[in-house]
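Residues per chain are reported as follows:
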Amino acid sequence: MSILGNRVLRREDPKFLTTGGVYGDDLPGVGALWATFVRSTMAHARIVALDAGGALDRPGVVAVYTAADLDLPPVPAGMPGIPESMFRPVLAQDVVRFVGEPVAVVLTEERYQGEDAAEAVFVDYEPLPTVVDPETALAGGTLLFPDHGTNVATDFREPLDEHFFDDCEVVVRQRVINQRVAPCPLEVRSGMASWGADGRLTQWLSTQAPHSAKDALAGLFALAADQVRVIAPDVGGGFGAKIGPYPEDLVVAWSARAQGRPVRWTETRSESMLGLVHGRGQIQDIAIGGNRDGQVLAYRIDVLQDAGAYPAVGAYLPMLTKLMAPGTYAIPKVSASACAVVTNTTSIGAYRGAGRPEATAAIERAMDLFAAEIGADPAQVRRQNLVSKDFFPYTTATGFTYDIGDYMGALDLALEASDYAGLRAEQARRRAEGGPCQMGIGVSTYVEITNGLPDAGEFAVVEVLPTGTARVYTGSSPHGQGHVTAWSMLASEQLGIPMEDIEVVANDTDLVASGGGTMGSRSLQAGGLAVHEASMTLVDEARQLAAELLEANPDDVVLDKIEGRFHVAGTPAVARSWAEVASAAEERGGLRVEHKSSPSGPTFPFGAHVAVVEVDTETGQARLRRLVAVDDAGTILNPLLAEGQRHGGLAQGVAQALLEEVRYDADGNPVTSNLADYAMISATELPSFELVSMATPTPVNALGAKGIGESGTIGSTPAVQSAVVDAVAHLGVRHIDMPASPQRVWQVLQDSASHKGSE
Amino acid sequence: MNVSMHVNGERREYDVEPRTLLVHYLRDVVGLTGTNIGCDTSSCGACTVLVGGESVKSCTMLAVQADGCQITTIEGLADGDQMHPMQEAFREHHGLQCGYCTPGMVMAAVSLLVEHPDPTETEVREGLEGNLCRCTGYHNIVKAVLAAAQTPLASAV
């Protein structure tokens, strides 16, 4: 019987539950100096003077370094097309561009000494005009990088044909804010660097992608690739924000070399809220047109992306938003335009969904607005416009080819599971009663792209040792997803070696030759596929060898996966175990297969969510009562892990819809820079989720698997936002921006009432 | 200052700065790094331990305030190789992913069941409000705590 598809408990858990993991800050770090960063207190200013003298006299201070000491070039943006003049200096050079930007580093014997000494580094700032709002940035009155001549970092703008909506009976337009949010992995950034006497760098990093960090470090220090080793210890969550490495990591490495001692660093949460990238941050102008019978004919989205102070991944997110603009709908005409601007804020990077939630939020808002305008049920309007399951692979108006989908099926499942008709009846009754607490129902359908990076493959090695146990090396980078369990399931399935006898090795560039890391919901379809394929090849090779040992024709030899032994078909009594075959293979270099998977392309998971909220119309408080989620990620390897991914994604989606927002004042001072001020979602703000299973295998890879890491977030955000709007729709409200905080909902209701009063 | 306490049943005595927080005492002085630090505003609960059987965010307490107390951290919860029912429940119901909030979450959950031996879902959610998790959406954590409540000795330390 196959182990695949079963709810196998995690092999990772006992350690985390009994001793706790070993995260960056838990490393022994014997003899290491501590690095503490002096960070800009101003959003935009010229550094007129920088005097470390006061700090050098403090107890335990070994050195203070500033940009003038560092012989490091600015950090390339890591994305094509971003001008060199916008590259980020490792430490701020002459000008600071956001609050929290590192200006200097203090090295001390003890950690607490660094906090004290950092205060004594004197920085004289001459304030410069600050740009926080992306529209102001676009206007260009104040430039962050005068040499570049504009604040526009990436430009994907396309003019709109003035006749674009000519054939539409109805056109609805809306400005939608997809607010800036903080990824908030529970573990902040942490790491340590140590240089060997041979000039080799070993760096421990809390990262999602050790191999790309290794390449970046080797490039920066002009080292051969084999002169750098990156180790990710246990990593306490990433959500896209730890793809890194960050400038602080580079300073830590440089400092360790300068001092000839290991240097370590763990930021505080308050530093992390400013230093770790933020997500989202788009202003979207949407317009949707169609006929009064519900047929949507044309859709246009204009995205203005806030890239933050130093453009990197964030400047490319609107590209994905553009490509995913039409979502699940067969809209004859789609036009998308986008550009990204720099502002005096923390840089925007990848955060769970990264560019796709923004696309889904926009089109789902558009569908609701259109439905409201023609007085139709939002679920019905969606049904009318979904891409039919008969049309896959389906190429969209924006040029993506969706692998496979059944959007109507997903929507039907979600509507049925939520008792949509019953909910509408309850809503009607409560509206008629007119009480202060009203309920809202939000429906979303979504499709997203996973494993969308240009290099869709992943590296794996599978080997069987003379002990009869196996080792799997993977270029994927586990940090909570359950790779050890999943990969040992895949290998066990092919090898017939019990999971507990399979060791999974990851997150160390000396032990794993290459890797793409974990991001973009790529692990199973790229890294898992590699393990699956390598295991099959290994069985083939072992079969050849077993045939020699059995003096049989390889074609006649089979692997008994229950016993883990090879024998001639029909004569199981004479068999060779994995241990025997692996021992025999010793003299030929062992039983070992190196493999890089090459899936034929990305996959496009899809689903439908229904959210039910209660809104207190007197206080504006919105509470999520139910969240029904259909998420189709193709064939499921381990439902336990897949559901866990969905749960986490759903919560983060709800968080954006209802609670979370990174805010700055007009001068660029962050006002949500710790977990007391930032409304990170807790258990009390969530119900238990209602998950509905649906699995449409993808033809793109042999596992039939699509990504699942980000689906929950992408589908839930618009469903919950729509539900809040729906709760007060009968009071004349058509749109409420996220987060639908009590204050915002209350204000919208006040505005709506006064608008009505003045009519 | 000399501070002495029983940590996971063992007497520990060290001379520390008066300003040392309990969490730093446990991690840096005693060397028990299972207890994590996730914020600097006492918001996240990653550092939750039991002091005299009751959950405390160990960043809100000075080590000197715990002088003479019985402290239990995640390292001291299991009975030898036998996991505590709460640890078992977290494993059984996939109540952890990256593991960072887990030690604090488990300790808070054990203490919760002391106060509410048979809690409702709402009581579990409210009882864990001070412990943040970014991975699980709390769904399986709540499920684990409710399941643990049905096992004997889930609130025992």
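The written sequence of each chain sets the order in which its residues are numbered from 1. Chains carry letters and ligands carry numbers; both start at the beginning, A for chains and 1 for ligands, and go up in the order they are written. In keeping with the predicted nature of the model, local features appear solely for residues at pLDDT of at least 70, side-chain atom pairs appear and are counted solely at 80 or more, and the whole-chain, interface and lining totals rest on all residues. The side-chain values count all of the structure's non-hydrogen atoms but skip hydrogen atoms and water molecules.

(A) Quick peek at the sheet that holds strand E8 (residues 170-181) of chain A. Residue and element names in this part refer to chain A. The rule for pairing is simple: two strands pair if DSSP sees at least two bridges between them. In this text, helices come from DSSP runs of H or I with a minimum length of four residues, and strands from runs of E with a minimum of two, each type numbered from the N-terminal end. With mixed pairing, five strands are arranged side by side in an open sheet as E7-E15-E14-E13-E8. In the strand order of this sheet, the two ends are held by strand E7 (152-156) and E8, each with one partner. Averaged over all pairs of adjacent strands, the angle between their axes in this sheet comes to 10 degrees, without regard to strand direction. Sheet topology places E7 next to strand E15 (residues 333-342); four bridges connect them, and they run antiparallel. Bridge assignment links Val152 to a residue of E15, and that residue is Val341. Across the sheet, helix H9 (residues 356-374) touches E8, strand E13 (279-290) and strand E14 (296-308), and the angle it forms with E13 is around 35 degrees. Geometry is summarised by axes, namely lines fitted to C-alpha atoms with helices restricted to the contacting stretch, and by angles between N-to-C directions that run from 0 to 180 degrees. Whether two residues are in contact is decided by their heavy atoms, any of which lying within 4.5 Å being enough.

(B) Summary view of the sheet that holds strand E5 (residues 102-108) of chain A. Residue and element names in this part refer to chain A. Spatially, seven strands are ordered E3-E5-E1-E12-E9-E10-E11 in an open sheet, and the strand pairing comes out mixed. A single partner strand is all that each edge strand has here, and the edge strands are strand E3 (61-66) and strand E11 (228-231). For this sheet, the mean inter-axis angle between neighbouring strands, taken without regard to orientation, is 20 degrees. Here strand E1 (residues 33-39) pairs with strand E12 (residues 263-266) via two bridges, running parallel. Paired with Trp34 across the strands is Arg264, a residue of E12. Strands E1, E3, E5 and E12 of the sheet are contacted by helix H3 (residues 111-118), whose axis makes an angle of about 25 degrees with E1. The strands that helix H6 (residues 247-259) touches are E1, E3, E5, strand E9 (190-195), strand E10 (201-205) and E12; relative to E9, the one it contacts most, it runs at about 30 degrees.

(C) Representation of empty space enclosed by the protein within the structure. Residues and elements named next belong to chain A. Only protein atoms enter the 1 Å grid, on which a cavity is a set of points fitting a 1.4 Å probe that cannot get out and a pocket is an open set with protein on both sides within 12 Å along at least 5 of 7 lines, lining residues being those with an atom within 4 Å of a point. Grid points are joined across faces, edges and corners, and a volume is the space filled by probe spheres set on the points. All told, the structure shown has four cavities of 30 Å³ or more when counted by the stated rule. Space inside the largest cavity adds up to approximately 70 Å³. What lines the largest cavity is Arg189, Ser190, Leu205, Ser206, Thr207, Lys242, Gly244, Pro245, Tyr246, Asp249 and Trp265. In this classification, the charged set is Asp, Glu, Lys and Arg, the nonpolar set is Ala, Val, Leu, Ile, Met, Phe, Trp, Tyr, Cys and Pro, and all remaining amino acids, among them Gly, are polar. Within the lining of the largest cavity, the residues separate by chemical class into four nonpolar, four polar and three charged.

(D) Inspection of the pattern of salt bridges at higher detail. Residue and element names in this part refer to chain A. The term salt bridge refers to a side-chain nitrogen of Lys or Arg lying within 4 Å of a carboxyl oxygen of Asp or Glu. All told, the structure shown has 52 salt bridges over all chains when counted by the stated rule. With its nearest N and O atoms 3.1 Å apart, the salt bridge here joins Arg471 to Glu463. The shortest N-O distance in the salt bridge between Arg646 and Asp631 comes to 2.8 Å. Highlighted residues: Arg646 in helix H16 (residues 639-658) and Asp631 in strand E27 (residues 622-632), separated in sequence by 15 residues. The pair Arg646 / Asp631 is uniform in exposure class, with both members buried. Salt bridges sharing partners connect three or more residues here, namely Arg39, Arg189, Glu248, Glu267 and Glu271. A simple rule labels every residue: compare its accessible area, found with a 1.4 Å probe on the protein chains alone, to the largest value its type can have, and call it buried under 20%, exposed over 50%, or partly exposed in between.

(E) Examining H16 of chain A more closely. Residues and elements named next belong to chain A. Any helix carries an expected span of 1.5 Å times its number of residues minus one. Taking 1.5 Å per residue, 20 residues should reach 28 Å; H16 reaches 28 Å between its end C-alpha atoms and fits that length. In terms of burial, H16 is largely enclosed, as 19 of its 20 residues are buried. A 3.5 Å cut-off defines polar contacts: any pair of N or O atoms within that distance qualifies, except that in protein one atom must be a possible hydrogen donor and the other a possible acceptor, and neighbouring residues in sequence count only when both atoms are side-chain atoms. Near the N-terminus of H16, the side chain that reaches the backbone nitrogen of Leu640, with its oxygen 2.9 Å away, is that of Asn638.

(F) Representation of the environment of Pro134 of chain A within the structure. Residue and element names in this part refer to chain A. Turning to its location among the elements, Pro134 is positioned in helix H4 (residues 134-139). Take Pro134: its relative accessible area is 10%, and that puts it in the buried class. On a C-alpha basis, the gap between Pro134 and Asp306 in space is 5.7 Å, while along the polypeptide they are 172 residues apart. Setting aside anything within four residues of it in sequence, one finds Pro134 in contact with Ile283, Leu304, Asp306, Val341 and Thr343.

(G) Main features of the domain arrangement of chain A. All names here are of chain A. Annotation of chain A at the domain level lists domain 1 (15-128 + 186-237 + 242-275), domain 2 (279-450 + 602-758) and domain 3 (453-596). Listed as interface residues are 16 residues of domain 2 and, on the opposing side, 13 residues of domain 3. Two parts lose some accessible area (1.4 Å probe) when they are put together, and adding that loss for both gives the buried area. Summed over both partners, the interface of domain 2 with domain 3 buries about 1,200 Å², with 67% contributed by carbon and sulfur atoms. When the buried surface of domain 2 facing domain 3 is broken down by residue, Leu637, Leu641 and Leu703 rank first, second and third, together holding 47% of it. These domain boundaries are the output of an automatic or database domain assignment.

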